[in-house]
Structure formats: structure tokens, C-alpha cells
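# Examining the three-dimensional arrangement
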Amino acid sequence: MSVVFSIYSFSLVNVICVFHCLISNLFLFENSLDVHSDSRFISIILILYDQKSSNFNLELSVQMKTEIVALVLCLNIGVDPPDVLKVSPCARLECWIDPFSMAPTRALTTIGDALVSQYKQWQLRSNYQIQLDPTVDEVQRFCSTCRRNAGSKRILFHYNGHGVPKPTSNGEIWVFNRGYTQYIPLPIHDLDSWLKAPSVYIFDCHAAAKVITAFMELQDHSSSGSSTSLIQDYILLAACQADESLPQSADFPADLFTSCLTTPIKVSLRWLFSRSLFMDSLSTSLIDELPGSQNDRKTLLGELNWIFTAVTDTIAWNVLPHGN
């Protein structure tokens with residue numbers, strides 16, 4: 001069974017809610033009080049989004065472990081993509097880090113390390129691999145190695161394309177040439193041939209749904225003439241619709257989609273703070289200084305996470321239709 005899910009047509013609250021439920025199923029709270037010894041292998045709620053009817057179909061997949069998390073960041077810090085018009089002031093933070101507060105090379109490495117750390121809050125035992133501003137050849141070797149090491153287990157592929165043009169009409173994403181003088185297109189069918197199934201794809205870029213559409217067309221073509229659909233064991237998450245750009249509000253990070261997925265507590269508090277009567281008298285730095293661990297309920301951050309999980313699970317239960 002496959003999942004095609006994008007956040008457009010949803011409020012930020014619903015996005016955070018659904019992502020929190022998804023990530024807590026894809027990964028594991030290793031220190032959670034309710035986790036049993038065999039809970040690294042979990043049943044995932046699959047959300048199949050039909051863009052024509054706007055309906056959701058929920059089913060349970062087979063138990064599967066996410067073995068490798070492959071992170072690809074194409075930021076090209078200091079160089080804006082030619083087809084993206086930015087407002088002023090605009091969102092700048094990537095993984096809650098200002099890329100212009102340090103040298104570009106150091107900033108890229110720091111942001112990459114921060115993204116790994118954010119994912120590790122959910123699952124420490126997965127194998128994390130990262131590519132920063134890569135070429136096509138580097139992505140090919142990277143993905144092929146990940147699949148070889150993962151075997152038949154799941155790979156999560158996370159793509160941040162904030163420093164490259166929007167995906168093409170054919171669903172190609174962009175990487176770089178060796179001299180960083182050109183943007184090089186990467187067809188989705190090449191990416192799929194390297195990663196294979198089972199895989200999770202996360203596309204945090206402008207017009208991200210173009211990639212989803214191209215992927216579905218690819219799978220439909222591959223399965224034509226066959227009684228069994230080849231669209232299986234895939235989960236695809238897109239940051240916005242094919243004709244949309246990413247949010248640019250300076251009150252939130254540039255990678256808001258990723259932040260909703262990996263740091264939902266922080267995004268939720270920022271969202272609340274922006275609408276609070278105390279926003280002029282308090283600093284958002286208080287949110288960054290919350291003590292404790294989200295997996296330890298004895299701490300402030302852990303208690304907030306516990307409450308947040310209860311609330312978002314309840315919202316998801318009432319918002320999303322139940323399976324048979």
C-alpha cells in the first residue's frame with residue numbers, strides 16, 4: 001500500500017497534528033514509558049490522499065522498520081534560486097539555525113548536523129546518512145549504498161531543495177554540478193530506481209507536489225498491463241501544491257514543513273506565541289530554553305510532549321475517517 005500526502009489545503013494545526021502522528025509511527029520514542037521491547041517494528045497508519053475527491057482512505061500496513069534515514073540538503077547558502085521571489089523580511093532559519101550567522105560552509109554542516117539531531121529525537125537507532133549540496137553522481141552512489149545496506153527494510157529519504165529551482169513539470173528535482181555553476185535535474189524515476197521500495201519520500205521544496213504527480217505517473221506506467229499494482233510500500237510527503245511556493249513568514253523557519261515533522265512542540269509554541277497577548281512582552285527565546293527531554297515525562301519538555309501527543313492523537317482520531 002502507498003501513501004501520497006501533502007499539506008496543502010490544511011491549517012498548520014492539522015499539519016502538525018497529522019505529522020506528529022505519522023512520525024511517531026514511523027519512528028519510536030525509545031525512552032517512552034509505553035514502548036515494549038518489540039516496538040521498533042510498528043504498524044503504520046497509511047494515509048492515501050485523493051486530490052480529486054479530497055478523501056482519505058486509512059489502512060494498516062505490514063510491520064516495517066525504518067532502517068536508514070537518508071538526508072539530502074540542497075541549500076547553496078548565499079545564492080537564491082532564480083525562480084523564487086522572496087519577500088522582505090522573509091523566513092531564514094533552517095533547522096532553527098540562521099545560515100547567514102556564519103560562513104556558508106560551516107552553516108551547511110551545522111544545519112545538516114541539526115537535522116540529524118532532530119530526527120534522532122524520534123529514533124536514535126536508525127542509521128543516519130547525509131549529503132550536503134551534492135551532485136547527481138553523489139546522490140546515485142549515496143542512494144544505492146543506502147538501499148544495499150537497508151536490504152528489504154524501509155529507507156526514509158528527506159530532500160530539502162530550498163537552494164535550487166522548483167521541480168520541473170516532469171517532476172525532476174535539482175542538485176548541482178561539481179563546480180556549483182549549474183543546477184542539474186534529477187529525474188524521479190532515477191531516484192526511485194536507486195532507492196526502490198519500501199521507501200518514505202519527504203520533499204521540502206517549492207511546488208513539491210509536482211514530484212508526487214510524476215512519481216504516481218511513473219508507478220502507473222510501470223504497473224500498466226499488470227493485474228498487480230506496483231505502487232506499494234511508498235509514503236510520499238510534499239510541502240506544498242504544484243502551483244504553490246513555501247511560506248516565507250519571518251515568524252517561522254524557512255523549513256516549516258520539516259519543522260512540523262521533526263520539532264512539532266517548538267512550532268506549536270511559536271504558533272501560539274504569535275497569537276498570544278504576551279507576544280510583545282516575552283521573547284521567543286523562552287521556547288528554545290525549555291528544559292528537559294521530550295522522551296522524559298519528568299521534565300517540562302517531556303510533559304509538554306506527553307500532553308501534545310494526547311491532544312494531536314485525539315484530533316487525528318476525530319478529523320481522519322476510520323478504517324473498516
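Our subject is the structure that appears above.
On a predicted model such as this, the values are computed, not experimentally measured, just so you know.

Turning our eyes to something else, we now look at the pattern of salt bridges. Scanning the model with the defined rule gives 7 salt bridges in all. As a salt-bridge pair, Lys153 and Glu67 come within 3.8 Å of each other at their nearest N and O atoms. Taken together, the residues span a long stretch of sequence, with Lys153 in the loop between α3 (136-150) and β6 (154-160) and Glu67 in strand β4 (residues 66-73) at a distance of 86 residues. Judged by relative accessible area, which is 32%, Lys153 ranks as partly exposed. Linking Arg270 and Asp288 is a salt bridge whose minimum nitrogen-to-oxygen distance equals 4.0 Å.

All right, on to unusual backbone geometry then. Where the residue is not glycine, phi is negative for most of them; where a peptide bond is considered, it is trans in most cases. Geometrically, the link from Ser88 to Pro89 is a cis peptide bond, its omega value of -5° lying close to zero. Relative to the helices and strands, Pro89 is located in the loop between β4 and α2 (104-120). In the segment running from Ala197 into Pro198, the intervening peptide bond is cis, with an omega of 0°. One can find Pro198 in the loop between α4 (188-195) and β9 (199-204).

So, about the pairing of strand β7 (residues 173-176). Side-chain alternation along β7 places Ile173 and Val175 on one buried face and Trp174 and Phe176 on a second face that is also buried. The pairing of β7 with strand β8 (residues 183-186) spans 4 bridges and is antiparallel. By the bridge assignment, Trp174 is partnered in β8 with Pro185.

Once that is clear, we can look at α4. If you check which residues of α4 are buried, you get Ile188, Leu191, Asp192, Trp194 and Leu195. Looking straight down α4, one finds its buried side chains confined to an arc of 165°; they lie on one side. Immediately beyond the C-terminal end of α4, within one or two residues, lies Lys196, with a positive phi of roughly 55°.

Once that is clear, we can look at the packing of α3 against α4. Contact geometry for α3 and α4: axes closest at 7 Å, N-to-C directions at 30°. Along the contact surface, α3 presents Val136, Val139, Gln140, Cys143, Ser144 and Arg147, while α4 presents Leu191, Trp194 and Leu195. Looking at side-chain class alone, the contact of α3 with α4 contains 6 nonpolar, 2 polar and 1 charged residues.

So, how was this worked out
- Residues numbered from 1 in each chain as written.
- Predicted model: local features only at pLDDT ≥ 70, side-chain atom pairs only at ≥ 80, totals over all residues.
- Heavy atoms only, no water.
- Salt bridge = Lys/Arg side-chain N within 4 Å of Asp/Glu carboxyl O.
- Helix = DSSP H or I, 4+ residues; strand = E, 2+ residues; numbered from the N terminus.
- Buried < 20%, exposed > 50% of the residue type's maximum accessible area, 1.4 Å probe, protein only.
- Pairing = 2+ DSSP bridges.
- Arc of directions from axis to C-beta.
- Axes fitted to C-alpha atoms, helices over the stretch in contact; angles between N-to-C directions.
- Contact = heavy atoms within 4.5 Å.
- Nonpolar A, V, L, I, M, F, W, Y, C, P; charged D, E, K, R; others polar.

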